[in-house]
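# Report on the structure
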Number of protein chains: 2
Amino acid sequence: MTEYRAPLAEFRFVQTLFGAADDWAARPEEAALTPDLVDAILEEAGRIVSAELTPLNRTGDVEGCRFSAGAVTTPTGFKAALAQLAAGGWCGLAGSVEQGGQGLPRLLTLAVDEMLFAANTSLALYLSLNNGAALLLESCADEALKARYLPRLLAGEWLGTMCLTEPHCGTDLGLIKTRAVPNDDGSYAITGSKVWITGGEHDLTENILHLVLAKLPDAPAGSRGISLFAVPKRHVGTDGILGEPNGVVCGGLEHKMGIKGSATCVMHFDSARGELIGAPHQGLAAMFTMMNEERLSIGLQGLGLGEAAYQNAMAFARERLQSRGPGGAVAPEKIADPILVHPDVRRMALNVRAWNEGGRLFAAFIACELDRARWHTDAHTRTRSEEAVALLTPVAKAFLTERGFEATVEAQQLFGGSGYCVEWGAEQFVRDARIAMIYEGTNGIQAMDLVGRKLARDDGAMLGRFIQRMRNSLAEPDCAAIDPRYRAQLEQELARLERTTQHLLQRAKDDPAALGAAAHDTLQLLALTVYAWLWARASQSAMAGLEQGGALGEAFYREKLIVARHFFERQLPRSLALERQLASGAEGLMAMPIEGF
Amino acid sequence: MTEYRAPLAEFRFVQTLFGAADDWAARPEEAALTPDLVDAILEEAGRIVSAELTPLNRTGDVEGCRFSAGAVTTPTGFKAALAQLAAGGWCGLAGSVEQGGQGLPRLLTLAVDEMLFAANTSLALYLSLNNGAALLLESCADEALKARYLPRLLAGEWLGTMCLTEPHCGTDLGLIKTRAVPNDDGSYAITGSKVWITGGEHDLTENILHLVLAKLPDAPAGSRGISLFAVPKRHVGTDGILGEPNGVVCGGLEHKMGIKGSATCVMHFDSARGELIGAPHQGLAAMFTMMNEERLSIGLQGLGLGEAAYQNAMAFARERLQSRGPGGAVAPEKIADPILVHPDVRRMALNVRAWNEGGRLFAAFIACELDRARWHTDAHTRTRSEEAVALLTPVAKAFLTERGFEATVEAQQLFGGSGYCVEWGAEQFVRDARIAMIYEGTNGIQAMDLVGRKLARDDGAMLGRFIQRMRNSLAEPDCAAIDPRYRAQLEQELARLERTTQHLLQRAKDDPAALGAAAHDTLQLLALTVYAWLWARASQSAMAGLEQGGALGEAFYREKLIVARHFFERQLPRSLALERQLASGAEGLMAMPIEGF
């Protein structure tokens with residue numbers, strides 16, 4: 001049985017670091033969001049996930065979802081837990097207040113997302129998809145559609161899904177075959193099959209709203225011919241009353257490596273009645289309005305699981321006695337020392353810890369920028385934040401999920417043989433974390449998005465502005481006392497990133513394969529550079545906290561400084577390898593004939 | 001359903017590279033081992049594993065082993081498959097001819113081990129443990145014990161196990177509590193519990209021979225007080241006839257992340273009758289005589305699974321159509337191009353391929369040295385080979401299992417969402433590969449073995465001789481035509497390895513934590529350096545094969561050169577990061593108080 005305690009001090013630390021209180025105080029809608037209220041919200045969220053969701057995590061894995069005659073039964077306890085979350089208003093944290101949501105800033109909902117994924121990723125996924133669907137409705141649907149569905153979704157009374165993928169197309173959505181034929185009443189008849197639909201069918205709520213990509217009869221070919229439709233499982237009258245079942249059936253469940261409590265469905269639409277959301281053929285563009293949010297959320301899956309894996313590994317490692325420390329016995333009264341005396345065990349533990357805490361800095365920075373892009377009063381700040389979000393979101397999705405997976409694997413190693421046995425839970429974290437590198441756009445697609453859409457499209461100008469922003473920040477007062485070693489390393493990394501991306505853009509002019517060949521390593525390098533920037537600021541803040549007797553306590557700041565050091569000493573050096581790899585270009589990769597693979 | 005075809009050309013390539021035919025021709029016992037016979041053996045092994053073992057791989061995962069009232073039922077088909085392997089003599093390949101084995105060199109049995117692990121790791125483990133037990137008996141037991149058991153084990157009529165771990169001790173075997181009390185007849189009564197016993201109980205054979213570590217009443221404390229005993233499941237008369245059950249019962253099975261067809265047992269010994277193997281209190285030393293072989297075998301588990309994962313991912317990637325290539329459509333007649341047109345997909349595929357082929361070079365080199373250490377007529381060569389084996393075996397176990405796991409994870413990524421679904425088999429490779437980094441001495445223990453026993457004990461002298469050997473080889477005629485770029489890179493890596501290990505040994509004089517803090521990264525750096533040496537030689541050999549129209553065909557040599565290039569361009573650069581990390585020493589790791597974790 002695993003345990004999980006929300007890292008509340010961590011959340012407070014990043015809020016302070018990024019000046020959240022000032023941002024919130026400046027916005028009338030957030031005036032009520034005092035530090036005390038923020039603490040109360042996070043504490044209550046932490047209490048609920050630990051008490052109600054964590055105990056269901058293993059149950060969900062063991063029981064999984066069951067399929068019978070079109071119906072899906074979720075694991076024992078999931079329905080009651082969801083009802084409890086819904087009753088507490090936890091399903092509508094990010095939704096607009098007018099539609100019954102809480103209207104909280106992303107920096108705050110981010111913390112709750114991390115907790116949910118840490119405690120029970122399978123259960124969290126139903127909510128995560130619902131958040132995405134609600135956001136999409138909010139930004140693209142007309143008022144009538146919003147009124148009918150949005151309050152229900154934000155209340156967790158019904159849940160939403162995203163129906164994109166078909167058997168022959170995941171990445172390449174231009175190939176979708178699902179058709180939408182106009183009915184006489186202005187609605188559409190949707191016909192086709194969708195796969196990998198998270199929460200496509202379940203017993204958690206009375207109704208499910210599917211947001212479905214399909215093609216109209218007059219659709220242009222490819223990705224510019226895709227429209228978006230709202231297709232409920234059961235019809236909903238204009239009075240909001242539930243009617244007959246729609247033409248949507250679940251054809252079965254996928255049998256997966258992990259997230260077994262999450263129902264991953266094959267969905268068949270047979271002249272199902274749907275309503276167009278937004279303009280015809282603009283479905284993919286609409287989908288992109290919520291993509292940034294969803295991708296960040298999936299990054300939080302990696303982070304949350306990394307944190308849960310760390311906590312459980314440490315609980316084990318503190319108790320497990322094996323051999324003596326390198327300098328002699330530390331616990332001579334026991335048969336052996338706790339394994340945390342061994343430097344190599346510490347190396348693994350600090351790796352996990354530093355990826356988690358660095359990931360939290362990175363995710364919080366992006367959330368902060370999301371909030372500023374939406375709400376900041378200064379137009380220049382909004383634009384600057386929008387750019388940061390656009391640039392860093394694919395990085396967050398890919399890098400947080402990779403480091404999250406790496407963290408779960410390393411945490412499993414800390415358990416020795418017990419890590420491989422199901423009852424300790426460490427192996428479930430690994431299995432649950434693995435999917436996050438694949439879905440919501442594979443990490444390879446994220447890397448292509450970065451180098452293609454974000455770097456090459458404007459010949460690196462946006463990245464150049466972000467690099468300049470990081471450089472400028474080093475001259476600001478709150479960065480004045482950054483440890484000179486970290487400052488020097490950061491300056492080297494900024495120069496490295498600049499150098500390698502300029503080389504890349506130059507090479508891409510002559511070689512169409514150059515961007516793809518460099519995509520993965522460029523994403524890694526950008527991530528490490530931004531992590532270095534954030535860790536330098538975090539260590540400066542921790543140093544200040546230590547000197548000024550900050551609210552989080554001496555131990556917290558001391559540990560933060562040790563973890564920062566670990567990042568600079570043992571994680572950042574990967575950038576040296578990345579630069580060398582990037583210098584090799586595409587030729588070697590393209591040399592192999594397809595039949596040679 | 002997964003497929004697997006033994007990479008026969010690869011095995012031929014490494015045999016040629018390391019001059020196996022000359023070695024074998026020089027030894028009278030191997031005179032019959034003509035190239036044709038070697039090919040015939042490997043072809044037949046490949047045929048059997050593909051036809052008989054691969055189809056049982058998924059069955060084994062789905063059914064797992066079942067436990068009821070002390071008895072273990074293995075998955076459907078396992079018993080028949082083992083009987084078939086036994087009938088073909090495949091259980092005794094490495095055993096001495098006098099005891100009914102085939103007496104084949106390790107370079108040849110290595111290939112068969114890889115195939116077995118690739119096709120069906122769970123089934124292969126019963127054989128692998130049996131090989132270890134047979135080797136231990138052969139090297140340490142008296143003639144009477146050998147005569148009673150060894151021919152049975154080598155024939156696969158009975159199987160052997162290794163019973164080391166107890167609930168409170170895995171790494172730290174000095175803590176074991178299992179007792180051995182002398183009986184009047186010269187035998188011993190063994191009492192205690194052992195865990196993680198692979199094949200501790202099963203229905204594959206009539207009898208099982210447990211090799212058990214236990215303490216005699218007068219045993220000194222710690223690891224110098226451990227003795228080794230042969231404890232059969234059923235008594236065996238001096239006439240070889242099976243008698244009554246011994247006092248050994250299986251208390252249950254572990255429920256594991258993977259290798260579900262392998263019975264991992266809790267074993268209870270209650271005054272079980274056992275016989276001492278070797279001298280009292282020398283059990284751990286005896287165990288070490290077979291440790292090198294077993295550790296190399298577990299490395300082959302990583303390699304085999306990496307190869308199987310690669311083959312299946314490529315079968316998928318060649319068929320999967322999604323988007324167009326970077327330079328335009330490659331298959332315009334289809335709805336999209338096969339995903340292997342994309343540079344980032346090629347990057348992943350070549351990563352997997354290069355780790356596999358590099359791992360095969362490395363494992364084969366060690367096997368060759370094992371054979372020379374045992375059989376070579378020149379004493380100096382034997383010593384040199386013994387040193388190479390001692391130095392590189394922990395590296396092989398750790399590095400091959402890590403790269404094998406990495407390969408299975410990357411191969412799974414190539415499948416996209418299908419990689420996460422059980423029916424494609426990619427996720428089983430990941431789960432089955434994960435354990436190899438943990439058992440047979442965790443990879444952390446391997447790294448400590450390297451820096452503690454192999455490096456620090458003689459102040460780096462043995463490593464110095466091996467580095468010199470690699471340097472000297474560059475001056476030999478068969479290395480004359482190595483690509484100058486690879487030669488230059490290799491020379492840099494040799495200097496880096498020398499530099500970092502010298503710094504480390506210096507630092508270790510003052511800091512007891514220095515070795516442990518550097519263990520992991522030093523192992524990685526040594527591995528990459530030896531890989532670079534072997535890849536330089538392999539590319540030179542491939543170039544020669546291309547120029548001289550070698551027997552493996554033009555395509556083989558061309559692909560080998562592309563894969564070699566990939567290693568130098570995109571895998572070897574990790575050494576830059578490792579050197580930087582190693583420069584940071586132990587201080588940062590040791591700074592965190594245990595309660596801070």
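Residues numbered from 1 in each chain as written. Chains lettered and ligands numbered in written order. Predicted model: local features only at pLDDT ≥ 70, side-chain atom pairs only at ≥ 80, totals over all residues. Heavy atoms only, no water.

All names here are of chain A. The phi dihedral of S271 falls on the positive side, at around 50 degrees, and the residue is not glycine. Tracing the backbone shows S271 in strand β11 (residues 264–277). The exposure class assigned to S271 is partly exposed, which follows from its relative accessible area of 48%. (Helix = DSSP H or I, 4+ residues; strand = E, 2+ residues; numbered from the N terminus. Buried < 20%, exposed > 50% of the residue type's maximum accessible area, 1.4 Å probe, protein only.)

Attention now goes to the packing of helix α13 (residues 461–473) of chain B against helix α15 (residues 514–547) of chain B. Residues and elements named next belong to chain B. Here α13 crosses α15 at 20 degrees, and the two axes come no closer than 11 Å. Between α13 and α15, the angle is such that the two are roughly parallel. As for the relative orientation of α13 and α15, their crossing is left-handed in sense. Across the interface between the two elements, L463, F466, M470 and S473 of α13 pack against L526, T529, V530 and W533 of α15. Split into classes, the residues belonging to the contact of α13 with α15 amount to six nonpolar, two polar and no charged. (Axes fitted to C-alpha atoms, helices over the stretch in contact; angles between N-to-C directions. Parallel < 35°, antiparallel > 145°, perpendicular 65-115°, else oblique. Left-handed = near helix turned anticlockwise from the far one by under 90°. Contact = heavy atoms within 4.5 Å. Nonpolar A, V, L, I, M, F, W, Y, C, P; charged D, E, K, R; others polar.)

Residues and elements named next belong to chain A. Tracing the sequence through the fold places P232 in strand β7 (residues 227–232). Looking at P232, the relative accessible area reads 4%, which means it is buried. It is 29 Å that separates the C-alpha atoms of P232 and M437, two residues lying 205 residues apart in sequence.

Turning chain B through 180 degrees and shifting it by 0.0 Å along the axis lays it on chain A, with an RMSD of 0.0 Å. Interpreted geometrically, this transformation is the action of a two-fold axis. A share of 100% of interface residues in chain B that are also interface residues in chain A marks the association as one of identical surfaces. (Least-squares fit on C-alpha atoms with pLDDT ≥ 70 in both.)

This brings us to the UniProt feature "domain: Acetyl-CoA dehydrogenase-like C-terminal" (unreviewed entry) in chain A. UniProt records the feature "domain: Acetyl-CoA dehydrogenase-like C-terminal" (unreviewed entry) at residues 468–593 of chain A, using the numbering of this structure. The distance from the first to the last C-alpha atom of residues 468–593 of chain A is 42 Å, and the span holds 76% helix and 0% strand. (UniProt positions renumbered as here; feature names shortened; annotations may be inferred.)

Residue and element names in this part refer to chain B. Across the six residues that make up strand β7 (residues 227–232), a large majority, six, are buried. Going residue by residue along β7, you find S227, F229 and V231 tucked away on one face and L228, A230 and P232 tucked away on the opposite face as well. Inspection of the sheet shows strand β6 (residues 208–214) paired to β7 by six bridges, in the antiparallel sense. Paired with V212 across the strands is F229, a residue of β7. (Pairing = 2+ DSSP bridges.)

Here we come to the confidence of the model for chain A. Overall, the prediction assigns chain A a mean pLDDT of 96, with 100% of residues at 70 or greater. Overall fold confidence for the complex sits at a pTM of 0.97, while the interface term, ipTM, reaches 0.97. (pLDDT = per-residue confidence, 0-100.)

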